[in-house]
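# Understanding the architecture of this molecule
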Amino acid sequence: MAIQENTPVVIIGAGVAGLTLATFLKVAGITCIVLERRDRSYVQTRQRAGVVDARNVQMFERWSLADRLLGGPVAQTIDYRTDGVSRVFEISKEDAVEGRFCTQQMLVNNLLRVLVDEMGADVRFSVTDVTIRNEAGVAPQVAYADANGLHELTCVHIAGCDADRGVSRASIPAGILTTIIHDFGYAWLAALVEAPVAAHPIMGISEHGFVGQLPRGPHRSRYYLQCSLDDQLSDWPDQRLWDEIRLRTGDAGLTNSAVLERELVPLRSVVHVPIQHGQLFLAGDAAHLFPPTGAKGMNLALFDVDMLAQALISAVRDDDLAPLAAYTDTVMPHVWRYQEFSSWMTNTMHDAGDSTLHGTFCQKTARARLDALFDVPAAARIHSEYLRGMA
Ligand code: RFL
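Just so we're clear, the structure is a prediction, and the values are computed from it rather than from any experiment.

In this structure, Ile11, Leu21, Leu25, Phe60 and Leu107 are the most contacted members of the largest nonpolar core, which totals 105 residues. Considering each element in turn, this core owes the most residues, 13 residues, to helix α7 (residues 297–318). Both of domain 1 (3–74 + 101–179 + 269–341) and domain 2 (183–267 + 355–388) provide at least three residues apiece to this core. Counting residues in each nonpolar core, the second largest holds 14 residues, with Ala187, Trp236, Leu241 and Ile245 among its members.

Right, let's talk about the domain arrangement of the protein for a bit. Parsing the protein into structural domains produces domain 1 (3–74 + 101–179 + 269–341) and domain 2 (183–267 + 355–388). With centres defined by C-alpha atoms, the gap from domain 1 to domain 2 works out at 30 Å. Taken together, the 18 residues of domain 1 in the interface contact 16 residues of domain 2. When the two sides are added together, the surface that domain 1 and domain 2 hide from each other amounts to roughly 1,400 Å², 63% of it contributed by carbon and sulfur. Three residues stand out in domain 1 for area buried against domain 2, namely Gln47, Pro292 and Phe341, and they jointly supply 32% of the buried area on that side. For the pair domain 1 and domain 2, the number of links is zero salt bridges. On inspection of domain 1 and its partner domain 2, the count reaches six residue pairs in polar contact (both at pLDDT 80 or more). Secondary structure elements with two or more residues in the side of domain 1 that touches domain 2: α3 (54–62) and α9 (327–351). Of all the elements, α9 adds the most residues to the side of domain 1 that touches domain 2, at four residues. Tallied by class, residues from the side of domain 1 that touches domain 2 come to seven nonpolar, five polar and six charged.

In space, the six strands of this open sheet follow the order β8-β3-β2-β12-β19-β18, with mixed pairing throughout. Edge positions in the sheet fall to β8 (122–124) and β18 (276–277), since each of these pairs with one other strand and no more. Here strand β2 (residues 9–12) runs beside strand β12 (residues 157–160); their pairing, made up of four bridges, is parallel. Pairing of valine 10 across the sheet is with isoleucine 158, part of β12.

A few words now on the site of the ligand. In the vicinity of the ligand there are 32 residues, among which Glu36, Arg46, Gln104, Asp285 and Met298 approach most closely. Here glutamine 104 contributes a side-chain N or O atom positioned 2.6 Å from an oxygen atom of the ligand. Between the ligand and aspartate 285 there is a distance of 2.7 Å, counted from an oxygen atom to a side-chain nitrogen or oxygen. Among the elements of the structure, α1 (16–27), β17 (259–273) and α7 are those that each provide at least two residues to the shell around the ligand. For the shell around the ligand, the two domains that each supply at least three residues are domain 1 (3–74 + 101–179 + 269–341) and domain 2 (183–267 + 355–388).

Here the focus is unusual backbone geometry. Residue proline 274 is reached from valine 273 by a cis peptide bond, and omega for that bond is -10°. Relative to the helices and strands, proline 274 resides in the loop between β17 and β18. Phi is positive for aspartate 83, close to 50°, though the residue is something other than glycine. If you trace the backbone, aspartate 83 turns up in the loop between β5 (77–82) and β6 (88–90). Within the chain, serine 126 stands out as a residue other than glycine whose phi angle is a positive 55°. Within the secondary structure, serine 126 is located in the loop between β8 and β9 (128–133).

All right, on to the sheet that holds strand β13 (residues 178–193) then. With mixed pairing, the eight strands of this open sheet are ordered in space as β6-β5-β14-β15-β16-β13-β17-β20. Two strands bound the open sheet, and with one partner strand each, they are β6 and β20 (288–289). Two strands pair when backbone bridges link them, and β17 and β20 are joined in this way by two bridges, in the antiparallel orientation. Bridge pairing in β20 links valine 271 to histidine 288. Against the sheet, α9 engages β5, β13, β14 (202–205), β16 (221–227), β17 and β20, with an angle of about 130° to β17.

Attention now goes to α7. Helix length check: α7, at 22 residues, gives a terminal C-alpha distance of 31 Å against a target of 32 Å (1.5 Å per residue), a fit within 8%. Across the 22 residues of α7, 17 count as buried, placing the element largely inside the fold. In the segment just after α7, aspartate 319 is the residue with positive phi, at about 60°.

What follows deals with the side chain of aspartate 351. Of note, aspartate 351 is situated in helix α9. Put simply, aspartate 351 is tucked away with no salt bridge, and the nearest opposite charge, on arginine 369, sits 4.9 Å away. One polar contact links aspartate 351 to histidine 358, side chain to side chain, over a distance of 2.7 Å. Aspartate 351 has contacts with Leu357, His358, Cys362, Gln363 and Ala366, leaving out every residue within four places of it along the chain.

Attention now goes to the environment of isoleucine 30. One can find isoleucine 30 in the loop between α1 and β3 (32–35). Among the residues examined, isoleucine 30 registers a relative accessible area of 6% and is labelled buried. Put simply, isoleucine 30 and proline 8 are 22 residues apart on the chain and 7.7 Å apart in space, counted from C-alpha to C-alpha. Not counting residues within four places of it along the chain, the set of residues in contact with isoleucine 30 comprises Val9, Leu25, Leu312, Ile313 and Val316.

Conventions used here
- Residues numbered from 1 in each chain as written.
- Predicted model: local features only at pLDDT ≥ 70, side-chain atom pairs only at ≥ 80, totals over all residues.
- Heavy atoms only, no water.
- Core = buried A, V, L, I, M, F, W, Y, C linked by side-chain atoms within 4.5 Å.
- Buried < 20%, exposed > 50% of the residue type's maximum accessible area, 1.4 Å probe, protein only.
- Helix = DSSP H or I, 4+ residues; strand = E, 2+ residues; numbered from the N terminus.
- Domains from an automatic or database assignment.
- Contact = heavy atoms within 4.5 Å.
- Buried area = accessible area lost by both parts, 1.4 Å probe.
- Salt bridge = Lys/Arg side-chain N within 4 Å of Asp/Glu carboxyl O.
- Polar contact = N/O pair within 3.5 Å; in protein donor to acceptor, adjacent residues only side chain to side chain.
- Nonpolar A, V, L, I, M, F, W, Y, C, P; charged D, E, K, R; others polar.
- Pairing = 2+ DSSP bridges.
- Near = heavy atom within 4 Å.
- Axes fitted to C-alpha atoms, helices over the stretch in contact; angles between N-to-C directions.
- Expected span 1.5 Å × (residues − 1).
- Lys, Arg positive; Asp, Glu negative; His and termini not counted.

Okay, structure coming up:
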């Protein structure tokens, strides 16, 4: 016999989207239950993004949470290093809001501290066998199992924040969703290393392929190296990794340091529409994937849950269902605008380097786009607004 409970909102997934949504609801006085398949220590040690963009700093300020959740200001510069020659782009801004340094791991840890330890919210880790009932005319229900047996949560709304391989999107019947995929045709080797960014974050363009170095704390950074979709981790022993970094950055004097983690990431964009069905609403990686070049995946997850939290608050507190009904239409223009930016960044950073990738014409036009960032003030301004998430 399953243990029965009622709650207005069930959130599936305690990543950055699920925990942020739960925190916003809690701030608004709305009860929810968060279900997470991993244990708390696993969730707290997962490392990915590094910067909360200016749009989302402003969002956390609006929810009166910025100082409790985020780190300090982040570098407002990027070294678009081309064939080993540095060109430092300064992010311009017309208001006082700046992106803040905050690794995804730091944000998730701070969310768990505020949400669970300080506000006493109900986040259930290590659950298994999550299933969703979301049919017209019956109350939505989320069932799961844990060490105490089977549970059934009857609710009003379900938020699917369980990323690309979760159960939420998979529960939507065939024929409802359209999935739009673009594969860029190459991958990145992402390596977390025990060495800080020395001067400016680097986006390195070279005939030998792209290299990036982005900050991940006072003592760490993440290098990204363009590689083939067929590459295996075993193709990238430490010595080859560091030799390629030296070659692609043009920094022959760079010394090897410890490589803490490495993974292969195929560069692709994915958008599912609509991102709602019945009483189920998708947010974050469950709804879309961004190539990491534009650093927007986590930032768009935060945008989604900002919109979803406001819509759920209207529905639960004010009985106004219109914002929930319009959720997909509210979110999609922003998602496509940042897919366009991420695609611009990905094509420009890779095509400008290796001319064998898409030919000399694409290399020259990509380099012209980069040059414009330094020579055409209007191009620099729009690029800054995209980087800040304000476009
Ligand atoms: P998450 O963070 O993956 O959280 C989903 C949670 O759902 C749980 N889950 C389930 N729980 C219950 N039942 C199930 N059946 C479940 N299935 C899954 C999972 O255990 C997990 O806890 O997704 P969310 O919250 O949507 O957040 C999205 C972001 O994590 C993602 O977009 C970013 O990491 C993307 N990303 C970056 N984004 C940025 O904004 N800036 C960056 O610099 C940046 N760098 C990156 C990145 C992603 C990367 N990878 C790994 C693709 C760098 C890399 C290498």
